[in-house]
Amino acid sequence: MDEIKGLLNKIPAALALDNAPVKLPEVQAPSLEGLTAELSPRPITQDDLLERLAELVRGQARRRDRTGEETVALGDEVLLDTIGYAQGRILPFSVRENGWALVNPDPLLPGFYEALVGRQVGLSVDIALTLPPDHPVEALRGVPARFLVDVKQARELTLPDPGSPEFIASLGRGGTLPEVMRHLGEELAKERLDEAEREAREQVLDVLVERARVEVPTALVDEEIRRRWVEAERPLLQRKAFEPDELQQALDAWLQDPLTRADAARRLGIALVLAAIARRDRIQPQREALDSIAELLTGPAKIPREELKRVLRSDAAVQERLANVMMQLAALDHVMSKVKLTAPGSGA
Amino acid sequence: MAPRIGDPRPVPQQPQPTSTRPATPAVTPPAARPAAQPQTAAGNAQAQQQDRFDGPINLIGRAANAVKSVTDTVLGLATKTTNGQRTFGPFNLGSQPRSTVEPLNTRGSRAASVLGTAASVAQLPGAAYTAVRDARNFIQNATAENGIKAAGSGASLVSTAANVAKGAIETGNLIRNFRGIRDAAAQTILQRAPDAARSVVNRVAGEAAQQVLDGASRQVARGAAARVATEGLEAAARAGASAARGAAPHVLAATAGRAASRFVPGLNVAIAAADTAAFGAEVANAFRTGDPNWGKLATGGITALGSIAAATNIPVVSQVGAAVSTVSSLVGSFF
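Residues numbered from 1 in each chain as written. Chains lettered and ligands numbered in written order. Predicted model: local features only at pLDDT ≥ 70, side-chain atom pairs only at ≥ 80, totals over all residues.

## Quick word on the overall build of chain A
Keep this limit in mind: Helix and strand assignments follow DSSP, with helices taken as H or I runs no shorter than four residues and strands as E runs no shorter than two, numbered in order from the N terminus. Exposure criterion: with C-beta atoms placed from backbone coordinates, a residue whose C-beta has 20 or more other C-beta atoms within 10 Å is buried, one with 12 or fewer is exposed, and one in between is partly exposed. Contacts are defined on C-beta atoms placed from the backbone: any two residues whose C-beta positions lie within 7 Å are in contact.
Looking only at helices and strands, one finds twelve helices and eight strands in chain A. The dimensions of chain A, computed from C-alpha atoms along their principal axes, are 60 × 60 × 50 Å. Every one of the 348 residues in chain A was classed for burial, and the buried ones make up 54%. By sequence separation, contacts in chain A at least 24 residues apart represent 74% of the contacts at least 6 residues apart.

So this is what it looks like as structure tokens:
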């Protein structure tokens, strides 16, 4: 037995068993008294409206698949597999499979999309570039990076004229361009409010984590990130025949990324606090949640109802995930029921 | 003639908006539109009533719509058969009559990228590349030249990053700071570099956009006032609507797409759309292979929906209440 344990301990984290039990810290449920959050939507700009219309124009473009004899042109859509490297290791979250992108110069990746122009469809490209000095991740500013890219497919786009009656009619948002823009303004206004409410919810959750003085152990953060990586990236890398040391390198890239760590710690803090509140206030999952989840799984996911029934009844991993999600949502609803929303400027 | 991408770009005729936040516009009646937001106290009451009935059902239901929207996007884009050879990953000559494509993603080319050295294999036919260089020898040679220096530099950076993260974990205020950093970075990702579509739109629709700007801004202010005014109603209903509305499908689709194409680390897990995109890819893959793993699909869908409704990825390792038995009984009564 000890020998088996010893062998298990030698397995790299990247290949470790995925369901090893973890010890969660004890957290006291915080008070829900006096919770307030400010509802402060961002204003809409002319740029926002034009960007929204541009997305619709792109969406209505006529698309033609390029043949294997053709080359990629500026403005094409391309289907890419990618992996990026920077600072001597895999760039976290740069491993992508079957991702569509617009071939258009992007200041965040200077030279990346330009390097695809003129490449034959079906070939691979090695792109070296320097990340810009204003990159959103501070540690990557001005850093050299390399990307290995497979150009798997390309489509030529022919854009409609946004002022043409045919295009306007196709949008179903009024008969004239001003009417279309007014519709877009209304849609954006609603999205701004949605965004503000989501922000208010995040404020509340942060306050609860502070009230509860949650301390998330480093080992728990490591394990959360590892399991996320196991779900999101490892299967892809294994399909591409990455070797064990490369898998470990990929996992390390996630584990060592400061934003990823901070995000995981925050999510864990929130979950621990909500769990404590759910226990104290005896929160129960809601049947309505199950209805909608089942609707999603039998609808867009096209899982036959009989198969879904079998999976939900017999697959322990699915049951656990379902229970976790339903309880988290029920606890979140309960917390938000105690919150007083305030108008901008009145203080949260 | 319709404009094509790649045509010379016209210079935008409209002034660009400033990034500063304007003063909150006055709340005035909107331009006549039957579907506009409530304009009066009675209208507000109607909105409150609507919120009251939105409830938890809508929390999940609207999140499900958001998931569906993004999933459809992924499906629409990802299910076509590719031209040419699929190359990333295991070497595969396939049956294409034309010259084959070498996967850059061989052990050797990956190692070269780690070290920042030129792989010199871009667009080389695969057979030539593998004949000239054995992958493992390539790695060893490259390591001898640059490996120690690269490893040392990486370790130092790792140490600094870990310390920064540790601080953010232990102090509440720093968690808020982290959220600020994350949100600012996410905002950068969402900014779209001008492309052909945008250039044409600027020229054609700039004036129309300017004309509706005031009305749209007033609508935002009115909407905020209406939602705040629901205070005092059953807050559970408000919370349900709140969480659901946070899952605007369009925003999530855009976020998922842009974050994915820009390879910015750390933010992917901070944005709920990542789970949705992963789910969409899983569904697409299941259709493509014709051999779906129902358990995996179900797990992906549940995770995506939970992330969107809660506006954050729900941790994998934690359990909010260990209610498996309760959920099992719900499942039992469901079928």
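## A look at the overall build of chain B
Along chain B, the regular secondary structure elements total eleven helices and zero strands. Written out in order from the N terminus, the α and β elements of chain B read α-α-α-α-α-α-α-α-α-α-α. In chain B, which comprises 335 residues, the proportion classed as buried is 48%. Restricting to contacts in chain B with at least 6 residues of sequence separation, those with at least 24 account for 74%.

## What about the packing of helix α6 (residues 218–232) of chain A against helix α8 (residues 244–255) of chain A?
Residues and elements named next belong to chain A. What counts, and what does not: Every axis corresponds to a line fitted to the C-alpha atoms, with the helix fit spanning only the stretch in contact, and the corresponding angles, defined between N-to-C directions, vary from 0 to 180 degrees. Should an angle lie under 35 degrees it is considered roughly parallel, over 145 roughly antiparallel, and from 65 to 115 roughly perpendicular; all remaining angles are considered oblique. By definition, any crossing whose near helix is turned counterclockwise from its far helix by less than a right angle is left-handed, and any crossing with a clockwise turn is right-handed. Classes in brief: Ala, Val, Leu, Ile, Met, Phe, Trp, Tyr, Cys and Pro nonpolar; Asp, Glu, Lys and Arg charged; the others, Gly included, polar.
Orientation of α6 relative to α8, taken along the N-to-C sense of each, is 130°, at an axis distance of 10 Å. Classified by the angle between their axes, α6 and α8 sit oblique to one another. Regarding α6 and α8, the two cross each other, and that crossing is right-handed. For the pair formed by α6 and α8, the contact residues are D222, I225, R226 and W229 on the first element and L251, W254 and L255 on the second. In terms of residue class, the contact of α6 with α8 is built from five nonpolar, no polar and two charged.

## What to know about the environment of I283 of chain A
As for its position among the elements, I283 of chain A is in the loop between α9 (258–280) and α10 (287–298). Put simply, I283 of chain A and Q328 of chain A are 45 residues apart on the chain and 9.7 Å apart in space, counted from C-alpha to C-alpha.

## Quick word on the domain arrangement of chain A
Residues and elements named next belong to chain A. The following threshold applies: The split into domains, and so the bounds of each, comes from an automatic or database assignment of domains.
Assigned domains within chain A: domain 1 (23–40 + 194–342) and domain 2 (62–158). The centre of domain 1, based on its C-alpha atoms, is set 32 Å off from the matching centre of domain 2. Taken together, the eleven residues of domain 1 in the interface contact seven residues of domain 2. At the level of secondary structure, the elements contributing two or more residues to the side of domain 1 that touches domain 2 comprise α7 (234–239), α8 and α9. It is α8 that provides the largest number of residues to the side of domain 1 that touches domain 2, a total of five residues. Per-class residue counts for the side of domain 1 that touches domain 2 are six nonpolar, two polar and three charged.

## Thoughts on the environment of A200 of chain A
Residue and element names in this part refer to chain A. Relative to the helices and strands, A200 is located in helix α5 (residues 177–212). Owing to 24 C-beta atoms within 10 Å, A200 belongs among the buried residues under this scheme. Expressed as a C-alpha distance, the spacing of A200 and T36, which sit 164 residues apart in the sequence, is 8.6 Å. A200 has contacts with A37, E38, L39 and L341, leaving out every residue within four places of it along the chain.

## Let's talk about unusual backbone geometry
Comment: phi is negative for the bulk of residues other than glycine, and the bulk of peptide bonds are trans. Residues and elements named next belong to chain A. The backbone phi angle of F93 is positive, close to 70°, even though this residue is not glycine. In this model, N98 sits at a positive phi of 55°, which is unusual for a non-glycine residue. The topology assignment puts N98 in strand β5 (residues 96–102). Using a count of 22 C-beta atoms within 10 Å as the deciding quantity, one classes N98 as buried.

## A closer look at the packing of α5 of chain A against helix α6 (residues 196–228) of chain B
α6 of chain B packs onto α5 of chain A with a crossing angle of 35° between their chain directions and a minimal axis gap of 8 Å. The element α5 of chain A and its partner α6 of chain B pack so that their crossing is right-handed. For the pair α5 of chain A and α6 of chain B, contact is made by L177, P178, M181, R182, G185, E186, L188, A189, R192, L193 and A196 of chain A and by A205, A208, A209, Q211, V212, G215, A216, Q219, V220, G223, A224 and R227 of chain B, respectively. Partitioning the contact of α5 of chain A with α6 of chain B into residue classes produces 14 nonpolar, five polar and four charged.

## Description of helix α2 (residues 46–59) of chain A
Which entries qualify depends on this criterion: Take the residue count of a helix, subtract one, and multiply by 1.5 Å to get its expected span.
Here α2 of chain A spans 20 Å end to end across 14 residues, near enough to the 20 Å set by a 1.5 Å rise per residue. Counting buried positions along α2 of chain A gives ten out of 14 residues, so the element sits mostly inside the fold. If you check which residues of α2 of chain A are buried, you get Q46, D48, L49, L50, E51, R52, L53, A54, V57 and R58 of chain A. On the buried face of α2 of chain A, the contacting elements are α5 of chain A together with α6 of chain B.

## Some thoughts on the nonpolar core
All names here are of chain A. Going by this rule: Think of a nonpolar core as buried Ala, Val, Leu, Ile, Met, Phe, Trp, Tyr and Cys residues chained together by C-beta atoms that fall within 7 Å.
By size, the foremost hydrophobic cluster in this structure holds 146 residues, and its most contacted members are V151, V204 and V273. Viewed by domain, this core spans two of them, domain 1 (23–40 + 194–342) and domain 2 (62–158), each represented by three or more residues. Leaving out residues up to four positions away in the same chain, V151 has contacts with V72, V78, L80, L116, R119, V121, G122, L123 and V125.

## Some points on helix α11 (residues 305–314) of chain A
All names here are of chain A. Basically, it comes down to this: The arc in question is traced by the directions running from the helix axis to the C-beta atoms.
For α11, the complete set of buried residues consists of L308, V311 and L312. Down the axis of α11, the buried side of the element spans an arc of 95°, and every buried residue falls inside it. Turned more than 90 degrees from where α11 packs its buried face, E306 and S314 sit exposed.

## Regarding the environment of R280 of chain A
Residue and element names in this part refer to chain A. Mapping R280 onto the fold places it in helix α9. Take R280: there are 12 C-beta atoms within 10 Å of it, and that puts it in the exposed class. When the C-alpha atoms of R280 and Q28 are compared, they prove to be 9.0 Å apart, with 252 residues separating the residues in sequence.

## Brief notes about the confidence of the model for chain A
Condition: Per residue, pLDDT captures the predictor's confidence, and it can take any value from 0 to 100.
Scored by pLDDT, chain A comes out at a mean of 86, with 94% of its residues at no less than 70. When mean pLDDT is taken per element in chain A, strand β2 (residues 62–65) of chain A scores highest with 96 and helix α1 (residues 2–10) of chain A scores lowest with 57.

## Observations concerning the confidence of the model for chain B
Residues and elements named next belong to chain B. Of all residues in chain B, 31% have pLDDT values of 70 or greater, and the mean over the chain is 54. Per-element averaging of pLDDT across chain B places helix α3 (residues 126–132) at the bottom with 25 and α6 at the top with 82. Scored below 50 in pLDDT, residues 1–62 makes 115 contacts in the model with residues more than four places away or belonging to other chains. Scored below 50 in pLDDT, residues 231–249 shows 69 contacts in the model against residues more than four places distant or in partner chains. As a predicted assembly, this complex carries a pTM of 0.72 together with an ipTM value of 0.74.

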